[in-house]
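Here is how the chains run, residue by residue.
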Amino acid sequence: MTEPTLYPVPGPYAGKTLLDEQGYLEMYRRSLEDSEGFWREQAQRLDWIRPFTQVKDVSFARDDLHIRWFADGTLNVAANCLDRHLAEHGDDTAILWVGDEPGTSREISYRELHSEVCRFANGLKSLGVQRGDVVTIYMPMIPQAAVAMLACARIGAVHSVVFAGFSPEALAGRMDDGQSRVVITANAGRRGGRSVVLKENVDRAIALCKETTVETAVVVNYTDDAVNMQPGRDVDYGELLAAQDEDCPPEEMGAEDPLFILYTSGSTGKPKGVLHSGGGYLTYTSLTHEYVFDYRRGERFWCAADIGWITGHSYIIYGPLANGATTVMYEGVPNYPDVTRVARIVDEHQIDVLYIAPTAIRALMAEGDRPTEGADLSSLRLLGTVGEPINPEAWRWYHRNFGRGQCPIVDTWWQTETGGALLTPLPGATALKPGSATRPFFGIRPALVDNDGNILEGAAEGNLVLLDSWPGQMRTVFGDHQRFADTYFSTFRDMYFTGDGARRDADGYYWITGRVDDVLNVSGHRMGTAELESALVAHPAVAEAAVVGFPHDIKGQGIYVYVTLNSGVEPSEEMHRTLRDWLRSEIGPIATPDVIQWAPGLPKTRSGKIMRRILRKIAADEYDQLGDISTLADPSVVEQLIDNHTRLA
Ligand code: WTA
């Protein structure tokens, strides 16, 4: 039997969602025809201190690049996420925290969260943190991480969350770039039954910082692991909190004041500090959270991401809390203590919406039906995915096993830079096609262009660009506006270039084909090949290195490394281990290479440019599609590389 390729809106959904198909089409049309009017109205979902009069002030021109929304309005993001819910919904659960160990969980009401955020905000002030200061957050998935983010927002400090899986080197680089003098961490976190030390990493990172002097480290003593507190610098979170008053009036912030920085990888150079500002970002994440997930108050919404990534920022913290939702924060991993964990959490906590990455779905799918065996799952109303393309087979498994064939799946395409989902189905409005992120959200104008920037009409395949701004768009690269312009607005004139390729079918549905630049997407984590390569060549044994992605059943893409060793250094098992550990310690475990191949030489043009296209084809076993290699300085290296590759297999 062939599987269906089109999944209409399920019957029980008809008339029960915020919008049906006609409703979507009308609202979408209006959002383009009267963009200012549309966004003026949508921004009313927030509480403004001083209402804005200007809606939009945007230019995508490379020489005059600026993006401003609601610029003369003022608000406080934390007050929008907390204070305004207190009168009628103070006792609703804001955060449902689920611990790594089965059976551990905690519900935190809006009132409790508000109280802790206020006290911690006062604590930060007592440490000298001021409006505009960058505060680094390097935390496990515990409620205090949310408290730290919201406390920064309350006092107008700019948070910079660094994924707790990053190494001390990577953490130091980000603290340096942000000139951050305060870091908030925990002694350790728990993941998959193990303790993950964090404070030790922070100590090492502080010692590695070159551009900034970290004066204060606030430490949540969360596990029993002993921790070394440095007098005068390190502060215990609990002690700090206990000494604070609960009264902390929210700071009045301009809509365009920065809310946070989040580092992400691009095709060149060091990770960029993507900067988001408050008013537009919160409008967009709150609106998308409501419509994409058709969210209703009281429902339990589980976005199984980490707060170290944009998905965690937008759909664990800001979007849901702005909407007064119950957001689930899960500390652990999908397969601990076993592969039934996700389904058990759904049943135990009666989760309504589950939003996870394709890589997790594929890892569970590899276990057949075991992950959902014996589970009820009838609380689930909607499923979602994010972070990478989902293959139709995984989509169908998710639909059948978690969705019992009844829940729609919203495949949301977006980026750290976009703040929230841009291409996405709406559950009651969109017939689904497995593998397609379907259609644009309100106000979004996607287009496909060829390599010369010509806009392609109808069914076509090309580079995915956006022709106009939306409030959730990043505003700049922290400290480097030129880099913002160069990276996103110089490839195609007056357009934001996403770095993704896509296909549009005859129904106007978009299918993301993956990155067209040198960015890898490994288990939904973005990594720049340049970053990995510069870490590799920093090792004394390495003369040259080239990194490419290759198709990987579970991770989507795996990391394939070609290394030329310095003369006098012999390839060996031990050298292999050394370089593997080196990447882990320079960047973090997510940078662990899947394959390291010794390369006596790399394929280069006569001008010395490495031809990655060839390396990608070899890594993917596609030797017959190498294309023209006659322009290589030394075509014979190709044969040698293929030879070494086949011997690896
Ligand atoms: C990819 C994550 C296909 C894409 C929110 C994008 C996707 C990059 C999807 C951004 C999807 C994200 N289908 N590909 N639904 N969602 N991507 O910044 O290549 O970590 O450019 O943001 O992930 O990754 P980032």
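Residues numbered from 1 in each chain as written. Predicted model: local features only at pLDDT ≥ 70, side-chain atom pairs only at ≥ 80, totals over all residues. Heavy atoms only, no water.

## As for the overall build of the chain
Step number 1: Helix and strand content of the chain: 19 helices and 31 strands.
Step number 2: The C-alpha atoms of the chain give 24 Å as radius of gyration, which agrees with the globular expectation for 649 residues (26 Å, within 12%).
Step number 3: In terms of overall dimensions, the chain has C-alpha extents of about 75 × 65 × 60 Å along its principal axes.
Step number 4: Every one of the 649 residues in the chain was classed for burial, and the buried ones make up 61%.
Step number 5: Relative to all contacts within the chain whose residues are 6 or more apart in sequence, the contacts with residues 24 or more apart total 72%.
Step number 6: Just so you have it, the chain exposes about 24,800 Å², and 47% of that area is on carbon and sulfur atoms.
Step number 7: Charge-centre separation for the chain: the mean point of 60 positive side chains lies 1 Å from the mean point of 89 negative side chains. (Helix = DSSP H or I, 4+ residues; strand = E, 2+ residues; numbered from the N terminus. Rg over C-alpha atoms; globule rule 2.2 N^0.38 Å. Buried < 20%, exposed > 50% of the residue type's maximum accessible area, 1.4 Å probe, protein only. Contact = heavy atoms within 4.5 Å. Areas by Shrake-Rupley, 256 points an atom, 1.4 Å probe, with all protein chains shown as cover. Lys, Arg positive; Asp, Glu negative; His and termini not counted. Charge placed at Lys NZ, Arg CZ, Asp CG, Glu CD.)

## Quick notes on unusual backbone geometry
Step number 1: Omega for the bond connecting Tyr336 with Pro337 falls within 30 degrees of zero, at -5°, which places this linkage in the cis form.
Step number 2: With respect to the secondary-structure elements, Pro337 resides in the loop between strand E17 (326-330) and helix H12 (341-349).
Step number 3: If you check the backbone angles, Asp494 has positive phi at about 60° while not being a glycine.
Step number 4: Relative to the elements of secondary structure, Asp494 occurs in the loop between helix H15 (481-489) and strand E25 (496-504).

## Quick look at the UniProt feature "binding site: Mg(2+)" (unreviewed entry) in the chain
Step number 1: Look at the UniProt record and you will see "binding site: Mg(2+)" (unreviewed entry) annotated at Val537, His539 and Val542.
Step number 2: Taking the relative accessible area as the measure of exposure, Val537 reaches 39% and is therefore partly exposed.
Step number 3: Beyond its immediate stretch of four places on either side in the chain, Val537 contacts Val542, Ala543, Glu544 and Ala545.
Step number 4: Setting aside anything within four residues of it in sequence, one finds His539 in contact with Thr578, Leu579 and Trp582. (UniProt positions renumbered as here; feature names shortened; annotations may be inferred.)

## Remarks on the site of the ligand
Step number 1: Close contacts around the ligand come from 17 residues, with Asp411, Thr412, Thr416, Asp500 and Arg526 the closest.
Step number 2: A distance of 2.5 Å is found between an oxygen atom of the ligand and a side-chain nitrogen or oxygen belonging to Thr416.
Step number 3: Contact distances for the ligand include 2.6 Å between an oxygen atom and a side-chain N or O atom of Asp500.
Step number 4: Considering the ligand on its own, with 520 Å² of exposed area, one finds that the protein chains cover 96% of that surface.
Step number 5: When contributions to the shell around the ligand are tallied by element, the ones reaching two or more residues are helix H11 (310-322), strand E20 (409-412) and strand E26 (510-515).
Step number 6: Grouping the constituent residues of the shell around the ligand by class yields 6 nonpolar, 6 polar and 5 charged. (Near = heavy atom within 4 Å. Polar contact = N/O pair within 3.5 Å; in protein donor to acceptor, adjacent residues only side chain to side chain. Nonpolar A, V, L, I, M, F, W, Y, C, P; charged D, E, K, R; others polar.)

## So, the sheet that holds strand E4 (residues 93-98)
Step number 1: Pairing in this open sheet of 7 strands is mixed, and the strands run E5-E4-E17-E16-E18-E19-E20 from one edge to the other. Two strands lie at the open edges of the sheet, namely strand E5 (105-109) and E20, each paired on one side alone. Each adjacent strand pair in this sheet contributes to an overall mean axis angle of 20°, direction not counted.
Step number 2: Sheet topology note: the E4/E5 ladder contains 5 bridges and is antiparallel. (Pairing = 2+ DSSP bridges. Axes fitted to C-alpha atoms, helices over the stretch in contact; angles between N-to-C directions.)

## Concerning the environment of Val117
Step number 1: Within the secondary structure layout, Val117 lies in helix H5 (residues 110-126).
Step number 2: Each C-alpha atom, one on Val117 and one on Val333, is 27 Å from the other, the two residues being 216 residues apart in sequence.
Step number 3: Those residues in contact with Val117, other than ones at most four positions away along the chain, are Leu82, Val147, Leu150, Ala151 and Arg154.

## Some details on the pattern of salt bridges
Step number 1: Going through the model one piece at a time under the given rule, you end up with 35 salt bridges.
Step number 2: For Arg45, the salt bridge goes to Glu290, with nearest N and O atoms at 2.7 Å. With Arg45 in the loop between helix H2 (35-42) and strand E1 (56-59) and Glu290 in helix H10 (residues 278-292), this residue pair connects regions lying 245 residues apart in the sequence.
Step number 3: Residue class for Glu290 comes out partly exposed when judged on its relative accessible area of 23%.
Step number 4: Note that Arg300 is salt-bridged to Glu107, the shortest N-O span being 3.2 Å. You can see Arg300 sitting in strand E16 (residues 300-303) and its partner Glu107 sitting in strand E5, a full 193 residues away along the chain.
Step number 5: Overlapping salt bridges, with partners in common, bring together Lys199, Asp203, Arg233 and Asp234 in one network. (Salt bridge = Lys/Arg side-chain N within 4 Å of Asp/Glu carboxyl O.)

## Remarks on the side chain of Thr592
Step number 1: The topology assignment puts Thr592 in the loop between helix H17 (573-586) and strand E31 (595-598).
Step number 2: Not counting residues within four places of it along the chain, the set of residues in contact with Thr592 comprises Ile559, Arg580 and Arg584.

## Digging into the packing of helix H1 (residues 21-33) against H2
Helices that pack against each other are described as a pair by the angle of their axes relative to one another and the distance between those axes.
Step number 1: At a minimum axis distance of 5 Å, the contact between H1 and H2 shows a crossing angle of 115°. For the element pair H1 / H2, the angle class is roughly perpendicular. Touching Met27, Arg30, Ser31, Leu32 and Glu33 of H1 are Ser35, Gly37, Phe38, Glu41 and Gln42, all from H2.
Step number 2: Tallied by class, residues from the contact of H1 with H2 come to 3 nonpolar, 4 polar and 3 charged. (Parallel < 35°, antiparallel > 145°, perpendicular 65-115°, else oblique.)

## Here we look at the pairing of strand E29 (residues 542-552)
Step number 1: Relative to strand E30 (residues 556-565), E29 runs antiparallel, the two being bridged by 10 bridges. Paired with Ala545 across the bridge in E30 is Val563.
Step number 2: Linkage of E29 to E30, two consecutive antiparallel strands, is achieved through a turn of 3 residues.

## Thoughts on the sheet that holds strand E22 (residues 455-456)
Step number 1: The strand order across the open sheet built from 5 strands is E22-E21-E23-E25-E26, with neighbouring strands paired in antiparallel fashion. Since the sheet does not close on itself, it has two edges, and those belong to E22 and E26, each with one partner.
Step number 2: Relative to E25, strand E23 (residues 460-466) is paired through 6 bridges, and the arrangement is antiparallel. Among the inter-strand pairings, Val465 is bridged to a residue of E25, identified as Phe497.

## Focus: the side chain of Ser109
Step number 1: Along the chain, the position of Ser109 falls in strand E5.
Step number 2: By relative accessible area, which is 11% here, Ser109 ends up buried.
Step number 3: Discounting residues that sit within four places of it in the chain, Ser109 has contacts with Gly90, Asp91, Asp92, Thr93 and Ala94.

## Digging into the UniProt feature "domain: AMP-dependent synthetase/ligase" (unreviewed entry) in the chain
Step number 1: Here the UniProt-annotated "domain: AMP-dependent synthetase/ligase" (unreviewed entry) positions come out as residues 83-466.
Step number 2: Along residues 83-466 the backbone is 31% helical and 24% strand, and the end-to-end C-alpha distance reaches 35 Å.

## Comments concerning the environment of Gln625
Step number 1: Tracing the chain through its elements places Gln625 in the loop between helix H18 (612-619) and helix H19 (636-648).
Step number 2: For the pair Gln625 and Arg613, spaced 12 residues apart in the sequence, the C-alpha separation amounts to 9.9 Å.
Step number 3: At 3.5 Å, the side chain of Gln625 and the side chain of Lys617 are in polar contact.

## Considering the nonpolar core
Step number 1: Leu113, Phe120, Tyr318 and Phe442 are the most contacted members of the largest nonpolar core, which totals 157 residues.
Step number 2: Per element, the largest residue contribution to this core is 10 residues, and it comes from helix H6 (residues 143-155).
Step number 3: Those residues in contact with Leu113, other than ones at most four positions away along the chain, are Leu82, Ala94, Ile95, Ile108, Val147, Leu150 and Leu321. (Core = buried A, V, L, I, M, F, W, Y, C linked by side-chain atoms within 4.5 Å.)

## Observations concerning the pairing of strand E15 (residues 272-277)
Step number 1: Within E15, 6 of the 6 residues are buried, which leaves the element mostly enclosed by the surrounding structure.
Step number 2: Taking every second residue as pointing to the same face, both faces of E15 are buried, with Lys272, Val274 and His276 on one and Gly273, Leu275 and Ser277 on the other.
Step number 3: Pairing of strand E14 (residues 258-264) with E15, which is carried by 6 bridges, proceeds in the antiparallel orientation. Its bridge partner being in E15, Thr264 is matched across the sheet by Lys272.

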